[in-house]
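# A look at the structure
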Amino acid sequence: MTAKGTFETAGWTPQPPFDDRDGVTLGVVTLTKTFEGDLAGTSVVTMMVATTPVEDSRSYVALERVEGTLDGRAGGFVVQHNAVSDRGGQSLRVSVVPDSATGELRGLRGELDITIDSDGTHHYTFDYTL
């Protein structure tokens, strides 16, 4: 099955870097999201970020707890993000953590794709099984 919609981010809260050497900085950021569309609800994201002296070379890993409804089924689940930007070439994988789903979403598996329009609108496409 496939769910589609948009989301907004808010409350970006960076912590002081926990490691900063030779121009490479490691830090933690928390934020929230609000989803609309086939997935409707909210989430809290905790992200570890690595930045480098090269503007377009960085990465992040994150865990995100989502609560809401997916195609009318209520519950929650956790996704794991793994993102790398290599001088502008980007890869992103966002996967449901196996057996993390609750409520009517128990048994959820899947991958979520994120795109961002030039105006900053965030879109998701969520391919999943229940």
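Above this text sits the structure in question.
All of the points below concern the structure found in this document.

Criteria and cut-off values
- Residues numbered from 1 in each chain as written.
- Predicted model: local features only at pLDDT ≥ 70, side-chain atom pairs only at ≥ 80, totals over all residues.
- Heavy atoms only, no water.
- Core = buried A, V, L, I, M, F, W, Y, C linked by side-chain atoms within 4.5 Å.
- Buried < 20%, exposed > 50% of the residue type's maximum accessible area, 1.4 Å probe, protein only.
- Helix = DSSP H or I, 4+ residues; strand = E, 2+ residues; numbered from the N terminus.
- Contact = heavy atoms within 4.5 Å.
- Salt bridge = Lys/Arg side-chain N within 4 Å of Asp/Glu carboxyl O.

## Considerations on the nonpolar core
Ranked by size, the top nonpolar core spans 18 residues in total, and within it Leu39, Leu70, Phe77, Leu108, Tyr124 and Phe126 carry the most contacts. Within the residue set of this core, elements represented by two or more residues are strand E1 (2-14), strand E5 (58-70), strand E6 (73-86), strand E7 (89-96), strand E8 (109-116) and strand E9 (122-129). A per-element tally of this core places E9 first, with three residues. Excluding residues that lie within four positions of it along the chain, Phe77 makes contacts with Leu39, Glu64, Arg65, Val66, Val96, Ser100, Ala101, Leu105, Leu108 and Phe126. Of all hydrophobic cores here, the second largest spans seven residues; its members include Val29, Val45, Tyr60 and Ala83.

## Remarks on the pattern of salt bridges
Scanning the entire structure with this criterion turns up four salt bridges. Taking the shortest distance from any N to any O, the salt bridge between Asp19 and Arg21 comes out at 2.6 Å. The class of Asp19 is partly exposed, set by a relative accessible area of 21%. The partner of Glu111 in a salt bridge is Arg93, with the nearest N and O atoms 2.9 Å apart. With Glu111 in strand E8 and Arg93 in strand E7, the pair connects residues that are 18 residues apart, well separated along the chain.

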